[in-house]
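If you want the building blocks of each chain, they are given just below.
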Amino acid sequence: MFHIKTFNAIAPEGMARFEDENYTIDQDQAAHGIILRSEKLHGYDFPESVLAVARAGAGTNNIPVEELTKAGVVVFNTPGANANAVKELVVASLLLSVRPILQGANWVQSLEGDNLEEVAEANKKQFAGNELEGKRLGVIGLGAIGAMIANDAYRLGMEVMGYDPYVSVDTAWTISRRVKRAQQIEEIFTTCDFITVHVPLTEATRGLIGEKEIALMKPTTRLFNFSRGEIVDTDAVLKAINADELGGFTTDFADSKLLHNPKILVLPHLGASTEEAEINCAKMAARTLKRFLETGVIKRS
Ligand code: MLT
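Positions within a chain are numbered from 1, following the residues in the order the chain's sequence is written. Confidence filtering applies because this is a predicted model: local features only for residues at pLDDT of at least 70, side-chain atom pairs given and counted only at 80 or more, and all residues used for totals across whole chains, interfaces and linings.

A few words on the overall build of the chain. Numbered from the N terminus, helices here are DSSP runs of H or I no shorter than four residues, and strands are runs of E no shorter than two. Counting its secondary structure elements, the chain contains 11 helices and 12 strands. Exposure classes come from backbone-placed C-beta atoms, where a residue is buried if 20 or more other C-beta atoms lie within 10 Å of its own, exposed if 12 or fewer do, and partly exposed in between. Evaluated residue by residue, the chain yields a buried proportion of 37% over its 301 residues. Sequence separation of at least 24 residues holds for 60% of the intrachain contacts in the chain that already meet a minimum separation of 6. Residue pairs qualify as contacts under a 7 Å threshold applied to their C-beta atoms, which are placed from the backbone.

Before going further, it helps to spend a moment on the nonpolar core. In terms of nonpolar packing, the biggest core is built from 69 residues, with Ile 35, Ala 150 and Ala 285 touching the most fellow members. Setting aside residues no more than four positions away along its own chain, Ile 35 makes contact with Ile 4, Thr 6, Ile 10, Ala 54, Ala 56, Ala 285, Ala 286 and Leu 289. Here, a nonpolar core means buried Ala, Val, Leu, Ile, Met, Phe, Trp, Tyr and Cys residues linked by C-beta atoms lying within 7 Å of one another.

This part is about the domain arrangement of the chain. What the domain assignment lists for the chain is domain 1 (2-79 + 275-295) and domain 2 (83-266). Delimitation of the domains relies on an automatic or database domain assignment. Distance between the C-alpha centres of domain 1 and domain 2: 33 Å. If you look at the interface, domain 1 gives five residues, while domain 2 gives six residues.

Below, the discussion takes up helix α6 (residues 144-155). A helix is expected to reach a length of 1.5 Å times the quantity of its residues less one. Given a rise of 1.5 Å per residue, 12 residues ought to cover 16 Å, and the 17 Å separating the end C-alpha atoms of α6 matches this to within 8%. All buried positions along α6 are accounted for by Ala 144, Ile 145, Gly 146, Ala 147, Met 148, Ile 149, Ala 150 and Ala 153. Those residues of α6 hidden inside the fold are in contact with α3 (83-98), β6 (136-140), β7 (159-163), α7 (169-174) and β9 (194-197). Among the residues trailing α6, Gly 157 stands out with phi positive, at a value near 95°.

Time to look at the site of the ligand. Taken together, Ser 38, Gly 57, Ala 58, Gly 59, Asn 82, Gly 271 and Ala 272 are the residues near the ligand. Any residue outside Ala, Val, Leu, Ile, Met, Phe, Trp, Tyr, Cys, Pro, Asp, Glu, Lys and Arg is labelled polar, Gly included; the first ten of those are nonpolar and the last four are charged. In the shell around the ligand, the residues fall into two nonpolar, five polar and no charged. By definition, a residue lies near a molecule or strand provided its backbone-derived C-beta atom is within 6 Å of it.

A few words now on the sheet that holds strand β3 (residues 33-36). DSSP bridges decide pairing: two strands pair if at least two such bridges lie between them. In space, the five strands of this open sheet follow the order β2-β1-β3-β4-β5, with parallel pairing throughout. The sheet is open, and its two edges are formed by β2 (23-25) and β5 (74-76), each paired on a single side. The average undirected angle you get between the axes of adjacent strands in this sheet is 20°. Judged from the four bridges that link them, β3 and strand β4 (residues 52-55) form a sheet pairing that is parallel. Opposite Ile 34, over in β4, you have Val 53 as the bridge partner. Only the stretch in contact is used when a helix axis is fitted, and all axes are lines through C-alpha atoms; the angle between N-to-C directions ranges over 0 to 180 degrees. Sitting on the sheet, helix α11 (residues 275-295) is in contact with β1 (2-6), β3, β4 and β5, with an inclination near 165° to β4.

Right, let's get into unusual backbone geometry. Located in the positive-phi region is Asp 244, a residue other than glycine, with phi close to 60°. You can see Asp 244 is positioned in the loop between α10 (234-242) and β11 (248-251).

Side chains Gly 33 and Ile 35 of β3 all project onto a buried face; the interleaved residues Ile 34 and Leu 36 project onto the opposite face, where all are buried too. Both β1 and β3 contribute to a ladder of three bridges, which runs parallel. In the strand pairing of β3, Lys 5 is matched with Ile 34.

Attention shifts here to the confidence of the model for the chain. Close inspection of predicted coordinates is inappropriate in any region flagged by low pLDDT. Each residue carries a pLDDT score, the predictor's confidence in it, ranging from 0 to 100. When the pLDDT values of the chain are averaged, the result is 95; 99% of them are 70 or greater. Two summary scores accompany this predicted model of the complex, namely pTM at 0.93 and ipTM at 0.91.

Before going further, it helps to spend a moment on the sheet that holds strand β8 (residues 180-181). Spatial ordering of the open sheet is given by β8-β7-β6-β9-β10-β11-β12, a layout of seven strands whose pairing is parallel. Both edges of this open sheet fall to β8 and β12 (264-266), since each of them pairs with a single strand only. Note that β9 and strand β10 (residues 222-225) share four bridges and pair parallel. Paired with Phe 194 across the strands is Arg 222, a residue of β10. Along the sheet face, α6 touches β6, β7 and β9 and points at about 165° away from the line of β7.

Before going further, it helps to examine the environment of Gly 59. Within the secondary structure, Gly 59 is located in the loop between β4 and α2 (65-70). Assessed through the 16 C-beta atoms surrounding it within 10 Å, Gly 59 is described here as partly exposed. Not counting residues up to four positions away in its chain, the partners in contact with Gly 59 are Pro 200, Leu 201 and Arg 228.

Printed below as a string of structure tokens:
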């Protein structure tokens, strides 16, 4: 019999995997497996009974991975399970960055009177935008998410350049041959109109994009961060934007100093927030945890 502990429950489709006689979902018993979403477990007093922790999500920075690994506890995540959700939001954000869709929609809502169509027609010029087609997108990190974005951006008619020194053979096969691979990351910084970052947060990637890197970018380049907030130095971004040395910034990580700036779009960590992604992650985390507890095999599926 295995005892499973959850924090804020993951999607029920995942928990359903533990509905068999070998499992109890019990918050108080000494757990063998912990399954969780985004709760921060640093400082949590893990009982000695814990064999594995499964995170329904990609990033593991809410879990003391090193400490657990040293203690022989296996930590799983669910890479790829929410990649489509993040990809769709990044593509939407790319489009939002060239077409003032939100501004136009908000403006229409503010209008009053019977002749709305006429007023809208007469004023629409202020909401004219640009097109993505023919512009160059740089994708830093060609894992599950980066590879999908690279392919979709290519299908949108963008010229796509990817950079990843560690790209896996499997992923390499999924990327269109038309996505150019940069040999040096600097090539992305110096030549791209849009740059999007998709790397995990590690000591090597913390502050990956800072003052030095931004200085290499064109003053019109727009930067996107849907990885982790700490990967981009937001002070450097703000400084460059205020000096007209960077075209704009879209981030999925709320930071008060970035608010109320027309060149910056801040989202509240919505990347993986779709019903489908929640279910995919929950199912993958539960499957992986269950397999490990029952067989000792560490394998994602
Ligand atoms: C992830 O790590 O899976 C995403 O950032 C989504 C999340 O943590 O909510």
